[in-house]
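Given next are the chains, with one letter for each unit.
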Amino acid sequence: MELLAVTKTFPASDVALLSDLGLSAFAENRDQEASGKTAEFAEARPDARPSWHMVGNVQRNKARSVVSWADRVDTVDSVRLADALAKAAAQRGRPLDVLLQASIDGDPARGGCPLPELAALADHVAGSGELRLVGVMAVAPREMNPARAFSVLADEVYRLRRDHPAATVVSAGMSGDLEDAIAHGSTCVRVGTALLGGRRLASP
Ligand SMILES: *Cc1c(COP(=O)(O)O)cnc(C)c1O
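The rules behind these values
- Residues numbered from 1 in each chain as written.
- Predicted model: local features only at pLDDT ≥ 70, side-chain atom pairs only at ≥ 80, totals over all residues.
- Heavy atoms only, no water.
- Core = buried A, V, L, I, M, F, W, Y, C linked by side-chain atoms within 4.5 Å.
- Buried < 20%, exposed > 50% of the residue type's maximum accessible area, 1.4 Å probe, protein only.
- Helix = DSSP H or I, 4+ residues; strand = E, 2+ residues; numbered from the N terminus.
- Contact = heavy atoms within 4.5 Å.
- Phe/Tyr/Trp six-rings, centres within 6.5 Å; stacked < 30°, edge-to-face > 60°.
- Axes fitted to C-alpha atoms, helices over the stretch in contact; angles between N-to-C directions.
- Parallel < 35°, antiparallel > 145°, perpendicular 65-115°, else oblique.
- Left-handed = near helix turned anticlockwise from the far one by under 90°.
- Near = heavy atom within 4 Å.
- Polar contact = N/O pair within 3.5 Å; in protein donor to acceptor, adjacent residues only side chain to side chain.
- Areas by Shrake-Rupley, 256 points an atom, 1.4 Å probe, with all protein chains shown as cover.
- Nonpolar A, V, L, I, M, F, W, Y, C, P; charged D, E, K, R; others polar.

1. A word on the nonpolar core
Then, number 1: Among the nonpolar cores identified, the biggest contains 52 residues, and Val73, Leu85, Val125 and Leu153 are the most heavily contacted of them.
Then, number 2: Counting residues per element, this core draws most heavily on helix H4 (residues 79-92), at seven residues.
Then, number 3: When neighbours within four sequence positions are excluded, Val73 is seen to be in contact with Met54, Val58, Val66, Leu85, Leu96, Asp97, Val98 and Leu99.
Then, number 4: Counting ten residues, the second largest nonpolar core, distinct from the first, contains Leu4, Ala27, Leu99 and Cys188.

Below, the structure written as structure tokens:
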């Protein structure tokens with residue numbers, strides 16, 4: 001089980017404390033905030049080697065900046081974004097691990113690839129020499145029972161793995177629904193509030 005500490009809106013000094021406590025994977029959802037924070041963290045804890053994850057929506061014109069700090073982008077939801085990240089990864093000279101973000105209810109407003117299009121996106125990403133498809137990520141839709149949502153996701157991941165056996169990561173579950181997610185096969189939970197307390201500004 002992977003534990004991603006979601007550190008958005010919290011300062012680098014808090015990330016340093018979590019690192020001192022033994023956490024080694026952190027997630028951010030905004031490029032600008034993360035660029036500064038990852039640099040500050042590296043100065044504060046030069047010997048730490050955490051992995052940084054992008055769990056927010058990525059604008060294609062920010063792909064280059066995002067791959068400068070992110071070890072994994074967990075929100076790839078379109079061919080166009082995949083192509084932009086592949087190009088940026090080629091420029092930095094190192095392949096990029098990615099998760100496909102699945103939209104469990106298909107609501108386009110909330111990001112994520114609709115489930116009927118997920119297999120084609122997976123094939124596209126797997127065919128890119130610059131991206132490594134390591135799994136799938138999803139947020140339970142607000143209107144849906146989380147257990148039901150994660151069970152739909154689990155079925156989808158099961159199908160996807162027939163063609164992409166290396167896609168083993170299932171990132172599902174946040175502070176409020178991680179038990180349901182784990183019960184339905186999550187291998188990675190993304191926890192903010194339960195570790196760090198409430199965020200002052202609501203992050204979308
Ligand atoms: C903020 C955020 C989380 C963490 O949510 P909590 O409820 O604070 O644990 C998890 N995943 C994503 C994509 C987020 O943006």
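2. With respect to the packing of aromatic side chains
Then, number 1: Applying the stated criterion across every chain yields a total of three aromatic pairs.
Then, number 2: Pairing Phe26 with Trp52 gives two aromatic rings, centres 5.5 Å apart and planes at 45°, and the pair type is tilted. Of the two residues, Phe26 is situated in strand S2 (residues 25-28) and Trp52 in strand S3 (residues 51-54); the sequence distance between them amounts to 26 residues.
Then, number 3: Aromatic pair Phe41 and Trp52: ring centres 5.9 Å apart, planes at 75°, arrangement edge-to-face. Taken as a pair, Phe41 in helix H2 (residues 31-44) and Trp52 in strand S3 lie far apart in primary sequence, eleven residues in all. In terms of burial, Phe41 and Trp52 fall into one category: buried.
Then, number 4: Joined through ring pairs, the aromatic side chains of Phe26, Phe41 and Trp52 make up one cluster.

3. So, unusual backbone geometry
Then, number 1: With a phi angle near 75°, Thr9 is a residue other than glycine that sits in the positive phi range.
Then, number 2: Within the secondary structure, Thr9 sits in the loop between strand S1 (2-6) and helix H1 (12-20).
Then, number 3: On the basis of relative accessibility, which here comes to 33%, the residue Thr9 falls in the partly exposed class.

4. Some details on the packing of H4 against helix H5 (residues 118-126)
Then, number 1: One way to put it is that H4 packs onto H5 with a least axis distance of 10 Å and a crossing angle of 15°. In terms of their interaxial angle, H4 and H5 are classed as roughly parallel. Considering how the two elements wind past one another, H4 and H5 form a crossing that is right-handed. Residues Val79, Ala82 and Asp83 of H4 form the contact with H5, whose participating residues are Leu121, His124 and Val125.

5. Brief notes about the environment of Ala166
Then, number 1: Relative to the elements of secondary structure, Ala166 occurs in the loop between helix H6 (146-163) and strand S8 (169-171).
Then, number 2: Sequence separation of Ala166 and Gly36 is 130 residues, and the distance between their C-alpha atoms is 32 Å.
Then, number 3: Residues contacting Ala166, with those up to four places away along its chain left out, are Leu133 and Val134.

6. So, the site of the ligand
Then, number 1: All residues in the neighbourhood of the ligand are listed as Val6, Lys8, Val55, Met137, Met174, Ser175, Arg190, Val191, Gly192, Thr193 and Arg199.
Then, number 2: The separation between an oxygen atom of the ligand and a polar main-chain atom of Gly192 is 2.9 Å.
Then, number 3: One of the side-chain nitrogen or oxygen atoms of Arg199 is found 2.8 Å away from an oxygen atom of the ligand.
Then, number 4: Protein burial of the ligand: of its 390 Å² of free accessible surface, 89% is covered by the chains.
Then, number 5: Looking at side-chain class alone, the shell around the ligand contains five nonpolar, three polar and three charged residues.

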